[in-house]
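Chain and residue survey
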There are 4 protein chains.
Amino acid sequence: MDEQHLLNEIARDVQPLLNQGRVANYIPALAQVSPQQFGMALATVEGEVCGAGDWQTAFSVQSVAKTFSLALALAADGERLWQRVGREPSGNPFNSLVQLEYEHGIPRNPFINAGALVVVDRLQTLTGDAWLSVRDFLRAETGNDRIDFDQNVAASEAHYGHRNAALAHFMASYGNLENPVSEVLQQYFQQCALSMTCAELAQAGLFLARHGIRADGSRLLSRSDAKRINAVMLTCGTYDAAGEFAYRVGLPGKSGVGGGILAIVPGRYSLCVWSPGLDSHGNSVAGVAALDLFTTRTGLSVF
Amino acid sequence: MDEQHLLNEIARDVQPLLNQGRVANYIPALAQVSPQQFGMALATVEGEVCGAGDWQTAFSVQSVAKTFSLALALAADGERLWQRVGREPSGNPFNSLVQLEYEHGIPRNPFINAGALVVVDRLQTLTGDAWLSVRDFLRAETGNDRIDFDQNVAASEAHYGHRNAALAHFMASYGNLENPVSEVLQQYFQQCALSMTCAELAQAGLFLARHGIRADGSRLLSRSDAKRINAVMLTCGTYDAAGEFAYRVGLPGKSGVGGGILAIVPGRYSLCVWSPGLDSHGNSVAGVAALDLFTTRTGLSVF
Amino acid sequence: MDEQHLLNEIARDVQPLLNQGRVANYIPALAQVSPQQFGMALATVEGEVCGAGDWQTAFSVQSVAKTFSLALALAADGERLWQRVGREPSGNPFNSLVQLEYEHGIPRNPFINAGALVVVDRLQTLTGDAWLSVRDFLRAETGNDRIDFDQNVAASEAHYGHRNAALAHFMASYGNLENPVSEVLQQYFQQCALSMTCAELAQAGLFLARHGIRADGSRLLSRSDAKRINAVMLTCGTYDAAGEFAYRVGLPGKSGVGGGILAIVPGRYSLCVWSPGLDSHGNSVAGVAALDLFTTRTGLSVF
Amino acid sequence: MDEQHLLNEIARDVQPLLNQGRVANYIPALAQVSPQQFGMALATVEGEVCGAGDWQTAFSVQSVAKTFSLALALAADGERLWQRVGREPSGNPFNSLVQLEYEHGIPRNPFINAGALVVVDRLQTLTGDAWLSVRDFLRAETGNDRIDFDQNVAASEAHYGHRNAALAHFMASYGNLENPVSEVLQQYFQQCALSMTCAELAQAGLFLARHGIRADGSRLLSRSDAKRINAVMLTCGTYDAAGEFAYRVGLPGKSGVGGGILAIVPGRYSLCVWSPGLDSHGNSVAGVAALDLFTTRTGLSVF
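Residues numbered from 1 in each chain as written. Chains lettered and ligands numbered in written order. Predicted model: local features only at pLDDT ≥ 70, side-chain atom pairs only at ≥ 80, totals over all residues. Heavy atoms only, no water.

What follows concerns the sheet that holds strand β5 (residues 194-196) of chain C. What links the strands of a sheet is backbone hydrogen bonding, and the strands pair in either a parallel or an antiparallel sense. Pairing in this open sheet of three strands is antiparallel, and the strands run β3-β5-β4 (chain C) from one edge to the other. The outermost strands of the open sheet, each flanked by one partner alone, are β3 (59-60) and β4 (148-149) of chain C. (Pairing = 2+ DSSP bridges. Helix = DSSP H or I, 4+ residues; strand = E, 2+ residues; numbered from the N terminus.)

Residue position: Ala246 of chain A is located in helix α13 (residues 242-248). Residues Ala246 of chain A and Thr235 of chain A, 11 residues apart in the sequence, show an inter-C-alpha distance of 7.7 Å. Leaving out residues up to four positions away in the same chain, Ala246 of chain A has contacts with Leu234 and Phe303 of chain A together with Ala231 and Thr235 of chain B. (Contact = heavy atoms within 4.5 Å.)

Moving on to the pairing of strand β2 (residues 49-53) of chain C. Residues and elements named next belong to chain C. Where strand β1 (residues 39-44) and β2 come together, five bridges link them in antiparallel fashion. When the sheet's bridge partners are listed, Leu42 is paired in β2 with Cys50. Linking two consecutive strands that pair antiparallel, namely β1 and β2, is a turn of four residues; a positive phi of about 105 degrees is found at Gly47 within it.

Attention now moves to helix α3 (residues 65-77) of chain A. Residue and element names in this part refer to chain A. With 13 residues, α3 should reach 18 Å at 1.5 Å per residue; the first-to-last C-alpha distance of 18 Å fits that figure. Of all the 13 residues making up α3, 11 are buried; the element is thus mostly covered by neighbouring parts of the structure. All of the buried residues in α3 are Ala65, Lys66, Thr67, Phe68, Ser69, Leu70, Ala71, Leu72, Ala73, Leu74 and Asp77. One or two steps after α3, the chain reaches Gly78, where phi turns positive at roughly 65 degrees. (Expected span 1.5 Å × (residues − 1). Buried < 20%, exposed > 50% of the residue type's maximum accessible area, 1.4 Å probe, protein only.)

Our next topic: the interface of chain B and chain A. Each partner contributes to the interface: chain B provides 32 residues, whereas chain A provides 32 residues. Regarding the contact of chain B and chain A, the summed buried area is about 2,700 Å², with carbon and sulfur atoms giving 52% of it. At the boundary of chain B and chain A, one finds four salt bridges. Arg87 of chain A serves as the salt-bridge partner of Glu244 of chain B, at 2.8 Å between the closest nitrogen and oxygen. The tally of links between chain B and chain A comes to 24 residue pairs in polar contact (both at pLDDT 80 or more). Elements with a contribution of two residues or more to the side of chain B that touches chain A: α12 (223-236) and α13 (242-248) of chain B. If you tally residues by element for the side of chain B that touches chain A, the top one is α12 of chain B, at eight residues. Among the residues making up the side of chain B that touches chain A, the classes are represented as 14 nonpolar, nine polar and nine charged. (Buried area = accessible area lost by both parts, 1.4 Å probe. Salt bridge = Lys/Arg side-chain N within 4 Å of Asp/Glu carboxyl O. Polar contact = N/O pair within 3.5 Å; in protein donor to acceptor, adjacent residues only side chain to side chain. Nonpolar A, V, L, I, M, F, W, Y, C, P; charged D, E, K, R; others polar.)

With that out of the way, let us pick up the confidence of the model for chain A. On average, residues of chain A score 95 in pLDDT, and 100% of them reach the 70 mark or higher. Model confidence for the complex is summarised by a pTM of 0.94, with the ipTM given as 0.95. (pLDDT = per-residue confidence, 0-100.)

Let us now look at the relation of the copies chain C and chain B. The two copies are related by a screw motion: chain C maps onto chain B through a turn of 180 degrees and a shift of 0.0 Å along the axis, at an RMSD of 0.0 Å. Considering both components of the superposition, the chain copies are consistent with a two-fold axis. No C-alpha of chain C lies nearer the rotation axis than that of Ala166 of chain C, which sits 1.9 Å from it. The fraction of interface residues of chain C whose copies in chain B are also interface residues reaches 100%, indicating that both copies meet through the same surface. (Least-squares fit on C-alpha atoms with pLDDT ≥ 70 in both.)

According to the stated counting rule, one finds 75 salt bridges over all chains in the structure shown. The partner of Arg163 of chain A in a salt bridge is Glu101 of chain D, and the shortest N-O contact between them spans 3.9 Å. Of this pair, Arg163 of chain A sits in helix α8 (residues 162-173) while Glu101 of chain D sits in helix α4 (residues 98-102), on two different chains. As far as the burial class goes, Arg163 of chain A and Glu101 of chain D line up, both buried. Salt-bridge contacts for Arg248 of chain A lead to Asp292 of chain A; the nearest nitrogen and oxygen are separated by 3.1 Å.

This is the structure we're talking about:
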């Protein structure tokens, strides 16, 4: 398969969609991004990377980062992690408090905001610094030592972060946070504010396509655990549209409100698409369409 | 791979689990089934079938039948079907009314009871007889012309079917049923009361492993639509434990409270396991464990 | 106080409101009623009745009838009734199923539809004929032997009654109905379809103003129990607007989607207002305004 | 009526209930209170005060204080207040977040915690210091210039106040707080930590029995607004047991988890009972029973 050619075609075919969708506006730092951008990168399990469009433009990673903190926490904690966070789809928006109350402070899965806060909290306890663990992992997988969070975005997240503060305090009221609320929030906001390119995210996701093996050949996760993260991505990775994403795309994927989506073709590829215009569920309109075209044209959905 | 040997091993290894779980007791006809039974059948895309344990014992198909009515309705109706039923995981038990109210009578997916009633209603409109369509499809795929519903079970379903009647009337109040409530319920109860063996169900599910091709070589569904049903099975097929099932087993699967589970290895196998003892979510304890062993030992999860 | 003069004034002052509100349209038989009607009747504990506007025009009693079946069931059953229905405000629309599911088939109070169905079911068991009990009580209190249900309305209720059928089947699934669903629904629809005038309803409600004493001087309820029904009316009698009604009017009241409201001034009066235009909660716009004027001008709110 | 005699009798009759109920344990400062205490005070509209039991022992006022901040905010703000908080019963526990999410950050009523936070926020804006406004009002009505909050309790509230912090941040995320979250919480915790006796609270509540007139004869609220606060107390004042309280007691009342309940007999009395053992809804077991005895023996329920 000529991956470069395919990516070029897809980048061309999604152009009409770039006016659709709405750029995330819950923080000013994101609202200013131009919606007319689209990038797509593909990394093979051998480590080759190609891309099309704005694939080397850095954007705000947002919830895509939840994939990496989850992997690191699972690697360090094993099955114990699942005592503090579930792995069921939520059937509710990503920042809802309703289910959290019915389930007594145990988030449904690690990809809704409440669950990601628990993962960061756990990683903080296990490693002493959740943020540095994630950052160092990403630098190692990509070979880019300048990967960092955007100070402006992180400050904006903190300033407008009442909903996440509510989630964190709510879980603390149930005894489901180990570290101080303000500390967990800070770590979480920094992780969300990561600035990376499609190329870098595709590289960083390769350990999931390789069933647990990092860029340096070492094993982060057992084959089973790596597959299990893929399963969580497929069932829970795109907010309250996971069923739709599985139906259309058929790959494990994790989206962010910055417009990025990381998707895995197990055993073959790690893909990252980015376009800032979002649908009503918070997923990139052109990004989902690009992945839909990819699996339709290659037949590479997992199903 | 020596499938027969593997199935024998699994049937042996799950024996300690046969005392766990509780047999469904919401209708008397099911409550009398002995929990000490376990069967597993595997059908290859070439049509070979093997099995272990009670793989040739007929049991009550229950919600596994939803897979077939969905496939037939999708084949007849195409994308229009999704205007009347969603395809998102529900995050609630299979017979809950809560989400149905918040979403104005549109069920979250075709595998919760409300969604299956809508599918039966639509199939009834499209074919004139939903039940006969399902029955005739199953007879054709298995070559067994005696496949039918169990009169005793169907009568029991109707007698104790207040929850399903509530769901049907509730959807009718939103205008989301085309046929009379009593007619839709009768067709639905007959479908639930189907009596089939693991061997037969594995054969009947092969069109999903073959990406849409029936036993006679004709195409029921496009390659994409067949894959999409697999996606719906994976995200919604095991009630409020779909995330757990994806995490442990990693295959598209559809369970029933009779203790059966149909699972698909796309491009290779259709599997059916059966054991009557259920976990708190309504899935067979030994059945899920057997499929977990299968994918662990073969590495054949889709992830 | 010159009650007749006051009622005349109020009937005049609410005229501008008669174009506001929407006539109930969930059944055709109600949708045809002209919204330009307003009636108000006042009955004193001594038995005097006066009125203004269309106070002698019969209209569809609808949920106001729930007051009478509750009183009769409480008289016959005593405190046992409260094992099957609560007495807390619901915080949800009158025909919602959500809370019913969270509370396992026990309705929050006897004035939401689910609770009224339980009351009818209980009255049916206790008296052998719930409908005849209510009808005969109303005939006795008003001296009008022709009080009956409107056949057209009752048929319409049954035809469009999917929501109530859903509620009844749902409670039956929890074992909270003693009689067949179809029988309970029929009795309930007849009660809703009662056709009475403001004058008659005001007379029929006098036993609540008289703290339990009927028109013939006999006691239906103990002083305490009569007061308790007033309490339930005040906290639960006007659907999801009970707080608003208490705040503005400050009297025990029970409304119906026919546009009628029965209100009690304990120890003094029974009032009935009627005007078909409803607000978004299902309460008569001009009716609530008329009662608001009444308590503002007389100072007779219970607070 | 010999009020002193009646209070003595009631204090004697509730003794067997003092072992029932559980002392609030969500903050250590409250958990240490002995459950064997009971006090009851009655203040007449003429200003006479009598009491029985521990009626002159100070206790933690907790949510009873919400009555006073509501009255002061309504006096200063008028109807505008109701744009930011509703006045409907909630049908949920007092610190639930569920309804707050469904209603987009507008609390159902001023007596659930979320609503009380909005009231404190508004009072803060209107007066420059919500806490001092409440404190000075209470000092003026009781003539006791040493009324203050308990530093130990306030610190404990703040330390264990994650649920309230969640509520405040959640409302801030909807734009329904005007002042900084930390400031509103501090003011709220100080108000909750007020330490007062039954005698003082009965005196402080007299303005509601007097339909708006303060101890010095000046008018705080119009007659209508005072009655309206009574209406809100009756429909919303005892958490998710307001219907039960109206049914048993039949008076406007506001309870606190310190075990106090303020109840109003409009035009006649302001009552305060206190006993630390709580029922499952957070209301004092002996306190509710004492008020039940009071209205049963005097016939003074509002119904």
